[in-house]
Amino acid sequence: MSIYQEIILEHYKNPRNFGTLKSPSKKTSVSNPSCGDKIGMDVVFTGKKLMEIKFSGQGCAISRAAASLLTEYCKGKTNEELQKLDKEFMIKLLGIELGPNRIKCALLPLEALHKLL
Amino acid sequence: MNLKNIRKDFPIFRHHNALVYLDSTATSLKPQSVIEKEVEYYEQYSANVFRGIYKISERATSEYKKTREIVAQFINANKPEEIVFTRSTTESLNLLAYSLGRKIVNEGDEIVSTIMEHHSNFVPWQQLAIENGSTFKVINVNNDGYLDLDNLKSQMPASPAGRSNIKSAAKNSNLEKLKQVITRKTKILALTYVSNVLGTINPMKEIAAAAKKINPNIMVIVDAAQALPHMKVDVRDLGVDFVAFSSHKMLGPTGVGVLWGKYNLLQEMFPFNYGGEMIQEVYVDRTVFKEPPLKFEAGTPHIAGVIALKEAIHYLRSIGLDVVRRHEMEITQYAINLLLSEFKGQLRILGPRDVDHRGGIVTFTFANYHPHDVAQILDEDNICIRVGHHCAMPLHESLRINATVRASFYIYNTKDDVEKLVEGLKKVQKILR
Ligand SMILES: Cc1ncc(COP(=O)(O)O)c(C=O)c1O
C-alpha cells in the first residue's frame, strides 16, 4: 500500500493550522538534520487547555501531514491529555504503515508538541 | 566483454527482476564471481593468514597476498607492499589522519581540504586541526560545481566529448587561486578525485603538481572512492602521495578498503592499531613493529573480502575501464538531457554540465518536492535512488540546499533505467502536485 493516501495528500497540500501565532504563550522548533526538515510550533494555552496552535517550516509530505493532523487534534485538549500522545497514536492518526526511516518524519511534530507541554 | 548481457552476472537481478538500481555511488552490486570467491574461501580454505604451517592456511595466505599484487598492478603502485588493506575508505583516511597527521602536522601548520568532500575526508582533518591547534582551510566550489581554483572562469578544454575518456575539469586552467590557499605551512592537502554529489572529476594531476610547486613538502591525499570503480587510476602518474578507496563500490565485498601510499612515507608513519600480526618482536618494555603494509594491518583481516576483491578487479579488467567510463558517460549524458527536457524549469541538476568532467552521478533538486517523498514514491516502482545530504553536509550548506536527490550509474545500468526514472518522477509530480 502506498503511504501517499488521500488523507495524507490532502493535509500535505492544504495543511491546517499552518503559519505562526501573533502572541503565543510558548513556541519552539525542532529539526531533523539528516533530511533538513524543520518544524516551528506556536501555542496558546488558557489555563490547562491548549486553545490555539500553529506550525511552520519545511518538511516532507509525511511530516507536514502529520503536523496538520496533529494540530487539528490538539485544539481544546488539556496539557495532561497531550502528554499521553505517543508513537502509536501518531501511526493511528496517519493511518499508514511507515518504515523505520520514515517514522522519524511522522514523529517530528509530536516532538515539537512535547517540548511545549 | 559485452555490456549488453552483463545483468545476468549479477544475481540480485534474479531475485528482483524489476530492480532499477541507481545508487552505485553508495555501494555497487556484486557479480556472481565475487560472491563465489568469498564462498570459496569459507568452504575450501577458511584458515587464518600468515599463521598456519599447514596447507589450507598457506592457500589462504597466498590468495591474500595475490590480491595485494593485483591491487598494486591495478593502480600502478611501485610494489605490492605499498598496498594496505583496511576496512573502508573511511578507515584508510582516518588511518592517515592518525598515523601521518599526528606525525607531521603541528600547531600553526595548515591542512587544506575542500567543501565537496565526503565527511570521511573532512571530519578527520577538521578534528585533527581542532586537536592540535593547526589551521583547517577549505577550498570552495563555484556555481558550475568545479573547485574554485581558477581566476579564468570556466576555461574548459574545447576538445570533443569522448575522445579521451578520462578528462578532468579545468585542464588548461592555471589554478591561480591555489596559491591563495596553499602555503609553505600547508602540510596536507586532502581532496576527492570525484565528488560523490556533484560528480565533478577534479584535475588531480594538475592540482597535485601545482600544490607541490608551491610547497614541495606537502602531502597530497586523494579520496578515490568514486574514481577507482569507474575509470583508470594510475597513482604514480597522478603524482600524489596517498590514495584511499573501498572494495564495495567497485563490485567487491563490503568491509574491505585500500590505502595506497609511497613506501618510504608508510615507513615513517606511526602504526595505527597495535596487536597481532603488526609486530616483529615484543618485550615487556618495548615492541619492534613490522614493516609496511603489515605494520598497519593488526589483527585478523577480512580475509574472504580481500580475496574476493581480487575477483572484482579481474571482472572490471575483463570489461576494461575505458569501456566502463564510456558507458557511464553515455548514460549520464542521456540522463541529463532527458531529465532537463522532460522537466523543464522544474528540475535543477548540480555539478558540471560537461560529462567529460563528470562521473556517472546526477544529483538534482525537483521542484519543491521533498527528496524523501521522491525516493519513497520511486521505491513503489522498485527504483532505488539516494536522497539526503549524501554525507556531504558542508557542501549542501554552502549551496543552501537541505537535501538533494541522486541517481548514479554503473556498468549494469541501461538507458531503460533512465527512462524508468523519468517515468517515476512523472508519477511523483502527479501525486504531489
Ligand atoms: C567520495 C567518497 N569518499 C568516501 C566514502 C566513504 O566510503 P566508505 O563508506 O566505504 O568508507 C564515500 C562513500 O560514500 C564516498 O563517496
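This text goes with the structure placed above it.
Below, the structure is looked at part by part. Just so you know, these numbers come straight off a predicted model, no measurement behind them. (Residues numbered from 1 in each chain as written. Chains lettered and ligands numbered in written order. Predicted model: local features only at pLDDT ≥ 70, side-chain atom pairs only at ≥ 80, totals over all residues. Heavy atoms only, no water.)

Some thoughts on the overall build of chain B
Part 1: When its secondary structure is counted, chain B shows 14 helices and 15 strands.
Part 2: By the compact-globule yardstick of 22 Å for 433 residues, chain B fits well, its C-alpha radius of gyration being 22 Å.
Part 3: The principal-axis extents of the C-alpha atoms in chain B amount to approximately 70 × 55 × 40 Å.
Part 4: Residues counted as buried form 58% of the 433 residues belonging to chain B. (Helix = DSSP H or I, 4+ residues; strand = E, 2+ residues; numbered from the N terminus. Rg over C-alpha atoms; globule rule 2.2 N^0.38 Å. Buried < 20%, exposed > 50% of the residue type's maximum accessible area, 1.4 Å probe, protein only.)

Focus: the packing of aromatic side chains
Residue and element names in this part refer to chain B.
Part 1: For the structure on display, the rule yields 15 aromatic pairs over all chains.
Part 2: Between Phe122 and Phe136 the ring centres are 5.1 Å apart and the planes differ by 85 degrees, which places this aromatic pair in the edge-to-face class. Here Phe136 lies in strand β4 (residues 135-139) and Phe122 lies in the loop between β3 (110-114) and α5 (123-132), a separation of 14 residues in the sequence.
Part 3: An aromatic cluster of at least three residues, connected via ring pairs, comprises Phe10, Phe13, Tyr315, Tyr410 and Tyr412.
Part 4: For the cation-ring pair, Arg7 lies above Phe13, with the distance from its terminal atom to the ring centre recorded as 4.3 Å.
Part 5: Looking at Lys103, its charged tip hangs above the ring of Phe270, at a distance of 4.5 Å from the centre. (Phe/Tyr/Trp six-rings, centres within 6.5 Å; stacked < 30°, edge-to-face > 60°. Lys NZ or Arg CZ within 6 Å of the ring centre and 35° of its normal.)

Quick word on the site of the ligand
All names here are of chain B.
Part 1: Taken together, 13 residues sit near the ligand, with Thr90, Asp223, Gln226, Ser246 and Lys249 positioned nearest.
Part 2: Contact distances for the ligand include 2.6 Å between an oxygen atom and a side-chain N or O atom of Gln226.
Part 3: Here an oxygen atom of the ligand sits 2.7 Å away from a polar atom, N or O, in the side chain of His248.
Part 4: Per-class residue counts for the shell around the ligand are 1 nonpolar, 10 polar and 2 charged. (Near = heavy atom within 4 Å. Polar contact = N/O pair within 3.5 Å; in protein donor to acceptor, adjacent residues only side chain to side chain. Nonpolar A, V, L, I, M, F, W, Y, C, P; charged D, E, K, R; others polar.)

Some remarks on the environment of Asp285 of chain B
Residue and element names in this part refer to chain B.
Part 1: Of note, Asp285 is situated in the loop between β9 (279-282) and β10 (287-289).
Part 2: When its relative accessible area of 64% is taken as the criterion, Asp285 is described as exposed.
Part 3: The spacing of Asp285 and Ser246 is 39 residues in sequence and 37 Å in space, taken between C-alpha atoms.

What to know about the sheet that holds strand β5 (residues 186-192) of chain B
All names here are of chain B.
Part 1: In space, the 7 strands of this open sheet follow the order β2-β8-β7-β6-β5-β3-β4, with mixed pairing throughout. Each edge of the open sheet carries a strand with a single partner, namely β2 (83-86) and β4. Pairwise comparison of adjacent strand axes, ignoring direction, gives a mean angle of 20 degrees for this sheet.
Part 2: Strand direction decides the pairing type here: β2 and strand β8 (residues 257-261), joined by 4 bridges, are antiparallel. (Pairing = 2+ DSSP bridges. Axes fitted to C-alpha atoms, helices over the stretch in contact; angles between N-to-C directions.)

Looking at the environment of Pro203 of chain B
Part 1: Along the chain, Pro203 of chain B turns up in the loop between β5 and α7 (204-214).
Part 2: Sequence spacing of Pro203 of chain B and Asn2 of chain B is 201 residues, and the spatial spacing of their C-alpha atoms is 30 Å.

A closer look at the pattern of salt bridges
All names here are of chain B.
Part 1: Applying the stated criterion to the full structure yields 30 salt bridges over all chains.
Part 2: Salt-bridge contacts for Glu277 lead to Lys290; the nearest nitrogen and oxygen are separated by 3.7 Å. Here the residue Glu277 occupies a position in the loop between α9 (263-268) and β9, and Lys290 occupies one in the loop between β10 and α10 (303-319), the gap between them amounting to 13 residues.
Part 3: A relative accessible area of 22% means that Lys290 is categorised as partly exposed.
Part 4: Between Lys427 and Glu380 there is a salt bridge, with the nearest N and O atoms lying 3.3 Å from each other. Taken together, the residues Lys427 in helix α14 (residues 415-432) and Glu380 in the loop between α12 (371-379) and β13 (383-384) connect sequence positions 47 residues apart.
Part 5: Owing to a relative accessible area of 26%, Lys427 belongs among the partly exposed residues under this scheme.
Part 6: Several salt bridges converge on common partners, so that one network encompasses Lys37, Glu40, Arg59, Glu63 and Lys310. (Salt bridge = Lys/Arg side-chain N within 4 Å of Asp/Glu carboxyl O.)

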